[in-house]
Amino acid sequence: MAQSNPIMVNPGAADPLAQLRDIHLPAPIEAWPPAPGWIVLAILALLFATAAIVFLYGRWRRNQYRREGLQALERLRAQYEASGQDQADQYTYLVQCENLLKRVALTRYPRNLVANITGEAWVQFLDHTSGTDEFRMGAGQALIQGCYEPAPRFEIEDLHQLARHWIKHHGEAK
């Protein structure tokens, strides 16, 4: 008796693997509309960017007087350097520098606090608002009595740098 093979292939039958269907891939994921989380994230990013722009623009506008004060101070310096740089020119620079500092202070601080102070009280105010003691102890001493002396003695460069520092940094939290 012939032994039968348990796996018999019918030679006339088609290949069983050929009868299988091909793999069906899912449709590609669409980019639009995005998931709700992305929409929320985009709205938050837009709100943050808008708030940052509004904040920075407001800060830029609030500091306009500082930029104008620094420009005026540089013009004073240029006028002094273009002149003969004698005692009269030094006196003129001192008076105009003090007037400029007063105008800048009146822009930032209440009028009743700034308008009437002079001499020692004025330089104390400048020191207090800038967090230094350079007006009372350094180059700023010329502002105490210098406008009332016929020939004040001070270093223009030191006073100029001190005034520049005050205009840039007064009233900032230390």
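Residue numbers here run from 1 along each chain, matching the order of that chain's written sequence. In keeping with the predicted nature of the model, local features appear solely for residues at pLDDT of at least 70, side-chain atom pairs appear and are counted solely at 80 or more, and the whole-chain, interface and lining totals rest on all residues. The side-chain values count all of the structure's non-hydrogen atoms but skip hydrogen atoms and water molecules.

1. Here's the deal with the side chain of serine 130
No. 1: Within the secondary structure, serine 130 sits in helix α5 (residues 119–130).
No. 2: We define a polar contact as two N or O atoms separated by no more than 3.5 Å, with the added condition that, inside protein, one atom must be a possible hydrogen donor and the other a possible acceptor, whereas residues neighbouring each other in sequence contribute only through side-chain atom pairs. Here threonine 132 takes part through its side chain, which lies 3.1 Å from a polar atom of the side chain of serine 130. Under the scheme used here, helices are H or I runs from DSSP no shorter than 4 residues and strands are E runs no shorter than 2 residues, and both carry numbers assigned from the N terminus.

2. Here we look at the environment of leucine 106
No. 1: Examined against the element boundaries, leucine 106 turns out to sit in helix α3 (residues 87–108).
No. 2: For leucine 106, a relative accessible area of 27% translates into the label partly exposed.
No. 3: Between the alpha carbons of leucine 106 and lysine 168 there is a distance of 15 Å; along the sequence they are 62 residues apart.
No. 4: With residues up to four places along the chain from it excluded, the contact list for leucine 106 reads Arg111, Val114 and Ala115. Exposed residues in this analysis have more than 50% of their type's maximum accessible area, buried residues have under 20%, and partly exposed residues fall in between, with area computed by a 1.4 Å probe over protein chains only. By definition, residues are in contact when any of their heavy atoms lie within 4.5 Å.

3. Some words on the packing of aromatic side chains
Describing an aromatic ring pair means giving the distance of the ring centres and the angle of the ring planes.
No. 1: Pairing of aromatic rings covers Phe, Tyr and the six-membered ring of Trp, with a centre-to-centre limit of 6.5 Å; geometry is then stacked below 30 degrees between planes, edge-to-face above 60, and tilted otherwise. For the structure on display, the rule yields 4 aromatic pairs.
No. 2: With a centroid separation of 5.2 Å and 85° between ring planes, the pair formed by tyrosine 109 and phenylalanine 125 is classed as edge-to-face. Here phenylalanine 125 lies in helix α5 and tyrosine 109 lies in the loop between α3 and α4 (111–114), a separation of 16 residues in the sequence. Across this residue pair, the class does not change: tyrosine 109 and phenylalanine 125 are buried.
No. 3: Taking 5.8 Å as the distance between ring centres and 15° as the angle between the ring planes, the aromatic pair formed by tryptophan 122 and phenylalanine 125 counts as stacked. Note that tryptophan 122 and phenylalanine 125 are positioned in helix α5 at a spacing of 3 residues, about one turn of the helix. Residues tryptophan 122 and phenylalanine 125 agree in their burial class; the two are buried.
No. 4: A ring is considered to have a charge above it if a Lys NZ or an Arg CZ atom is located within 6 Å of its centre and within 35 degrees of its normal. When the ring centre of tryptophan 122 is taken as origin, the NZ or CZ atom of lysine 102, which lies over that ring, is 4.3 Å away.
No. 5: The ring of tyrosine 109 is capped by arginine 108, whose NZ or CZ atom sits 4.9 Å from the centre of that ring.

4. Section: the confidence of the model for the protein
No. 1: Of the residues in the protein, 91% reach a pLDDT of 70 or more, and the chain-wide mean stands at 86.
No. 2: Scored from 0 to 100, pLDDT reflects the predictor's confidence in each residue. Per-element confidence in the protein ranges from a low mean pLDDT of 85 for helix α7 (residues 142–145) to a high of 96 for helix α1 (residues 36–62).

5. Some remarks on unusual backbone geometry
No. 1: Note that the residue after tryptophan 32, namely proline 33, is joined by a cis bond; omega there is 5°.
No. 2: Following the sequence through the fold, proline 33 ends up in the segment before α1.

6. Regarding the nonpolar core
One broad rule of soluble globular proteins: the nonpolar side chains tend to lie buried together.
No. 1: Among the nonpolar cores identified, the biggest contains 32 residues, and Tyr93, Leu101, Trp122, Phe125, Leu143 and Trp166 are the most heavily contacted of them.
No. 2: Elements that contribute at least two residues to this core include exactly α2 (64–82), α3, α5, α7 and α8 (156–169).
No. 3: The element best represented in this core is α3, accounting for 7 residues.
No. 4: Apart from the residues lying within four places of it in its own chain, the contact partners of tryptophan 122 are Glu98, Leu101, Lys102, Ala105, Val114, Ile117 and Leu143. Side-chain atoms within 4.5 Å link the members of a nonpolar core, which is a set of buried Ala, Val, Leu, Ile, Met, Phe, Trp, Tyr and Cys residues.

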